[in-house]
Amino acid sequence: MSAEISLAWKEVQSMINGFVTLLPKLVLALIVFLIFFLIAGAIKKSVKRLTRNRRYARNLGLVLGRLAQGTTILVGLFVALSIVIPTFRAGDLVQLLGISGVAIGFAFRDILQNFLAGILILLTEPFRIDDQIVFKNFEGTVENIETRATTIKTYDGRRIVIPNSELFTNSITVNTAFDSRRLQYDVGIGYGDDIDRAKQLILEAMHSVDEVLQDPAPDVLVMELAESSVNIRARWWIKPPRRADDLASRDRVLSAIKKKLVENGIDLPFPTTQILFHDQTEETDGNRSRQREGWPAGKGELPKPRRISDSLRLLAQMRSSNDGNGKVDSEIDGQ
């Protein structure tokens, strides 16, 4: 029993001696790793500081800062492990990561896809934070662009989380990509109204609204001769191009146009449908070259109404013609 205790005590002493021998290396490795960690943080802050005031390089600085920090920490980890374990080689860890990376890639394919898409979005900057975008059925303001997903806040106060892979591979409308934005609306006037006069009134109405830019200037175009109206398209520019400015300018412009046209006697017609009936009592009924299709005759010759005797005579002629054809057919069949 005493021999076993003695053997165990020797093992404990050996472990203590090994730990005491290894302790300076652990302290040195920890100090080295801490130095690399501090250097990584300083590099990240420096990159962010350099790109803070540059709008188009802000996301690029964020990505480069994160990559530089991660790379520096990884190098520090390799150096610390080499101090503690002299036989350790970085190639062994890289080989291990390469073997396990295949399995990780299959297991977390969607996550890695979103991560890479997020990095590319941050680098290429198709949109930025605070931009207002439209993606499929979602529209709102970009709150944050993370490496996995992008969050947008809708105009009615909801948050939408969209995976970056979908944003990167699909079409997106960025409403605030430029400083100004053009809006438009079709206004219908009556066919009897003066088109040039109506266009001038619409221009005056748009110029009276403060939100409408004078450069580029608003314009009006005749777009369609519709069933019940002549459609004129009013187009104007606003700055800034955000949703709130869009709604405010649209409200004021349309109100001003409606008031201006009504005050000057321009008709704003409702959709109408006209139904024409054939007058089957006229002698021209059935004659496509003379039939009036229900329209008034105007100054032309007014077709005379049919008389009952004429209708009876026409009916008798049709019957006699049918009887004659029947008799001829019977004679042919007898022969």
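Residues numbered from 1 in each chain as written. Predicted model: local features only at pLDDT ≥ 70, side-chain atom pairs only at ≥ 80, totals over all residues. Heavy atoms only, no water.

**Q** Can you explain the sheet that holds strand β1 (residues 132-135)? Please cite residues and give values.
**A** On the basis of which strands lie adjacent, the open sheet formed by 5 strands has the order β4-β3-β2-β1-β5 and antiparallel pairing. Whereas interior strands pair on both sides, the edge strands pair on one side only; in this sheet they are β4 (159-163) and β5 (173-174). Note: β1 against β5, 2 bridges, orientation antiparallel. The partner of V134 across the bridge, within β5, is T173. (Pairing = 2+ DSSP bridges. Helix = DSSP H or I, 4+ residues; strand = E, 2+ residues; numbered from the N terminus.)

**Q** Could you give an account of the confidence of the model for the protein, with specific residues and numbers?
**A** Looking at the protein as a whole, the pLDDT averages 80, with 71% of positions reaching at least 70. Summarising per-element confidence for the protein, the mean pLDDT is lowest in helix α3 (residues 90-107) (56) and highest in strand β8 (residues 230-238) (97). Within the model, pLDDT remains below 50 along residues 328-335, and this stretch shows 0 contacts once partners closer than five positions in the same chain are excluded. (pLDDT = per-residue confidence, 0-100. Contact = heavy atoms within 4.5 Å.)

**Q** Account for helix α4 (residues 109-124), with residues named and values stated.
**A** Taking 1.5 Å as the rise per residue, α4 with 16 residues should run 22 Å; its terminal C-alpha atoms sit 22 Å apart, in good agreement. Burial in α4 covers these residues: N114, A117, G118, I119, I121 and L122. One or two residues past the end of α4 sits E125, with phi positive at roughly 55°. (Expected span 1.5 Å × (residues − 1). Buried < 20%, exposed > 50% of the residue type's maximum accessible area, 1.4 Å probe, protein only.)

**Q** So what's going on with the pairing of strand β2 (residues 138-145)? Which residues, and what values?
**A** As judged from the 4 bridges shared by β1 and β2, these two strands associate in the antiparallel manner. Looking across to β2, one finds that Q132 is bridged to T141. Pairing of β2 with strand β3 (residues 149-154), which is carried by 5 bridges, proceeds in the antiparallel orientation. Bridged to N144 within β3 is T151. Hairpin connection of β2 to β3: 3 residues between the antiparallel strands.

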